[in-house]
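Structural description and commentary
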Amino acid sequence: MDVSQYLEIFLDETKEHLQSLNENLLVIEKEPENKDTINEIFRAAHSLKGMAGTMGFKRMQRLTHDMENIFSEIRNDKMTVTADLIDVLFQCLDALEGYLDIIQSTANEGENDNEAIINRLNEILQAGTAGGPAPAAAPAEAAPASAEAAAPAGGGSADQEKFRNIELTEEQKKAVLKADEGGLNLYGLSVYINTSCLLKAARAFLVLKAMEDFGEILVTNPSNQDLEDEKFDFDFSLYVMSSEPLDKLIEAAKGISEIENVVGAKVAPGELDKKPEAAAAPKEEAPKEEEKAEVAAPAPAAAPAAPAAPKAKAASEAPAQTANKPVVSRTVRVDIEKLDDLMNQVSELIIAKNSLVSISSTEENSAAQNQTFHEQIEYLERITTSLHESVMKVRMVPIESVVNRFPRMIRDLSKKLNKKMELYMSGEDTELDRTVIDEIGDPLMHLLRNSADHGLESAEIRKERGKPEVGSIWLTAYQEGNSVIIEVKDDGNGIDVEKVKQKGIERGIITPEQADNMSSKEIIDLLFLPSFSMAKQISDISGRGVGLDVVKSKIESLSGEVEVKSTQGEGSKFTIRLPLTLAIIQALMVEIGNEKYAISLGSIQTIEDVAYDDIKYVEAKEVINLRGTVIPLIRMDEILEVEPREEKPESLTVVIVKKGDRFAGLIIDNLMGQQEIVIKSLGKYIENNKVISGATILGDGEVALILDVNALI
Amino acid sequence: MDENTSRRKIGTTVTTKQYIVVNIGSERYGIDITYIDNIVRMQKITRVPKAQDYFKGVINLRGEVVPVMSVRVRMGLAPDEYTNTSRIIIIKLEQQGSIGLIVDEVQEVVTLDLNEIDRISRDNTSTESFINGIGKHEGQLISLLELQSVVAEKAVQ
């Protein structure tokens, strides 16, 4: 069976299950008696196993199977949750993630059997249930028992062929006979859906859809309408006419997630009439017996302790087939509402286009026509703006998908470092562009590790200092204007400025004289320089000397910025500021000399007219006092080496820009207006000392450069 | 049989190379045609502040922003005087993106046999060389540009 088309769904769903396992294990670790969570874990492990089995990933299936055994015992109160067990289970999850990574890149699960982990699992299982009742003694036996409990479909195959109870109308029978003459086969199928499935109707729909690919669905029981309305238990039956072999149909149906089992048989048209007998005594006919054996064989696959021959064959074939396929494409799950919005706007766009067409086709060239023309252009502008917003929204992903793995990481770190710590997260629903989301994980992880490793003190020191024994790390995300802020804060030791200074001098990054003149903020910024690692000794958690500078360059490559605030003894706070969108921004177009430049609207505070008399001097630098704040002025024509204009204006036009809590006033010659611009890169050949962050193409085809305000301040 | 002919075909392409001949200053230069993406007329170049002096700025090439370099300044010749014959040659070196070279005039396309090309060994590393060979064509000499070194950043002193 070719399962590659389900690979994407499989990867998505497996990731979700793994995440929920991770989260729930964390809960269990704290509340070992929490029954609901144990049930949830069991369900997730069970679906994981089923999915892996369906996809033919045997190693993955085996591991999840053994995990499931454990959960089953816990659920039945035959075992208790121990710290040791949790550790092994977390290792299992890591191993599963490993499989998943390999599958994602090669569509194959790789060769790692993870024997060690499986052995550990079985040891624990045996130890935990040694005194327990007999059925749990041998783990291999416990498996079918638990699987059967979870899957009521595991009964005898005779009960399963419920399709034999379907009654066909005379017309349908005629159609069957006709089809039979045409060389089509009639198959009866009964589909059993996993009892934990929430969207039975959707799964049923998928099955029917898959079957339609092979042939014509004659009839379903319950009726199509009832299936759609979810008016059925966990099974349904159908007759399909198809020229494909039965195995293919069954495998296709099984490939759909949460389908527990599918049984089917070829039905000769003649058999339809004596249906009741066939159901009552199916062993009468010899040829049918054979077919049934074939059909019954895949059935135990639901109880994966004994994967039957055809199943195993499918499993070994599937990876071979998919191995050559290109690696899975990446997908985004989009809220249907967002798509509806998008559709609406596209409809509006078409209306606008039609009105423009009709205007251009009318002959007269009156003032009235001119006016409608302008109205339509304005309308078009509105639509494109909102269309842009909508498309951006579609690309937006909640930051949750990145940060939800951190609690687990902090738990592991806590064990490894032997420090007590707690992670508090908020604002997980803050949304960021998909490209940013993909990149932001590593830097955040670095910062969290930093906090855990260097920031937080050991419990003894914390006690001495009168702090709570358990250290706290906060991860906070929120939106501010056109950017998203992510803060990583800890209540640890803070950054030792003196030590950083010493290190900087030692490394030859700064001279002692320079060091004396540097503010503590400037010294802390040294941490972001390449190969500046503060760890006294290299640990595998942080401190390889590739820490903060990597964080900084990564975030800068996303056109964001990172800032540190630290108070010695109280903790430190890293603030990451990222732009909401990357490609298109609102900008203020200005003229400096005869050249046009764009300034991102996001960084502009106000625009001021400043009289020459208002310019004051501080340390021979020009400043203005704007409503109580002293703001340094930057003469843009000098910075950009533009030929200054001949005539001097009566007053200066100053654009006040802000970066973090710092301000600067950019002196420009002329304001041109606000515009939406598409950011283009200047390429790698040209140097510009960072005053220019990119370029854009204006309506007349001219290129205008975008000023990098962050570099100017 | 078929294989033989195709092999011979490949064989013949190796023995010749096509160059576009351009005038820069008083010299004739050849640019390997395989790297050339496009030749466009002079157009408004947007200056990029603080860039290397030989970068004249950027242009809009069908919606892409392409940096433009003055080969004259790069080679230490007198600055360009844009005339009616001035052209920007857009070259593309692998994945590194496009770059434009300003030349005084584009003359012709020549096909040089490999034995018409004298390779210059670049052993004297003290001075930067932008030429990797001299081509002889109809009694005239053509300096063949080494695009990699033209485009590469100046060595840091």
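Below or above, wherever it landed, is the structure these notes cover.

Reading the values: the criteria
Residues numbered from 1 in each chain as written. Chains lettered and ligands numbered in written order. Predicted model: local features only at pLDDT ≥ 70, side-chain atom pairs only at ≥ 80, totals over all residues. Helix = DSSP H or I, 4+ residues; strand = E, 2+ residues; numbered from the N terminus. Buried ≥ 20, exposed ≤ 12 C-beta atoms within 10 Å, placed from the backbone. Contact = placed C-beta atoms within 7 Å. Pairing = 2+ DSSP bridges. Axes fitted to C-alpha atoms, helices over the stretch in contact; angles between N-to-C directions. Core = buried A, V, L, I, M, F, W, Y, C linked by C-beta atoms within 7 Å.

What follows is about the overall build of chain B. Helix and strand content of chain B: three helices and 11 strands. From first element to last, N terminus to C terminus, chain B shows the α and β order α-β-β-β-β-β-α-β-β-β-β-β-β-α. Counting the 157 residues in chain B, one finds 27% classified as buried. Of the contacts made within chain B by residues no fewer than 6 positions apart, 51% connect residues no fewer than 24 positions apart.

Tallying secondary structure elements over chain A gives 26 helices and 22 strands in all. Burial status across chain A gives 33% buried among its 713 residues. Expressed as a percentage of contacts within chain A between residues at least 6 apart in sequence, the contacts between residues at least 24 apart total 70%.

Paired through backbone hydrogen bonds, the strands of a sheet run either parallel or antiparallel to each other. Residues and elements named next belong to chain A. The five strands are arranged β20-β12-β13-β22-β21 in an open sheet whose pairing can be described as mixed. Across the chains shown, the open sheet's two edge strands, defined by having one partner strand only, are β20 (670-678) and β21 (692-697). The mean inter-strand angle of the sheet, taken between neighbouring strand axes irrespective of direction, is 35 degrees. As paired elements, strand β12 (residues 584-592) and strand β13 (residues 595-600) share six bridges and run antiparallel to each other. Paired with Val 590 across the two strands is Tyr 597, which belongs to β13.

Attention now goes to the nonpolar core. Grouped together as the largest cluster of nonpolar side chains are 65 residues, with contacts concentrated most on Ile599(A), Val655(A) and Val58(B). Met421(A), Leu432(A), Ala477(A) and Ile495(A) belong to the second-largest nonpolar core, a separate cluster that totals 37 residues.

Now for the sheet that holds strand β16 (residues 621-626) of chain A. All names here are of chain A. Here six strands make up an open sheet; going across it, the order is β14-β18-β19-β17-β16-β15 and the pairing mixed. Unpaired on one side and paired on the other, β14 (604-611) and β15 (616-618) mark the two borders of the sheet. Neighbour-to-neighbour, the strand axes of the sheet open up by a mean angle of 40 degrees, direction not taken into account. Note that β16 and strand β17 (residues 629-635) share four bridges and pair antiparallel.

A word on the environment of Asn224(A). With respect to the helices and strands, the residue Asn224(A) is situated in helix α10 (residues 224-228). C-alpha of Asn224(A) to C-alpha of Leu208(A): the two residues are 16 residues apart in sequence and 9.3 Å apart in space.

Just geometry here; none of it tells us what the structure is for.
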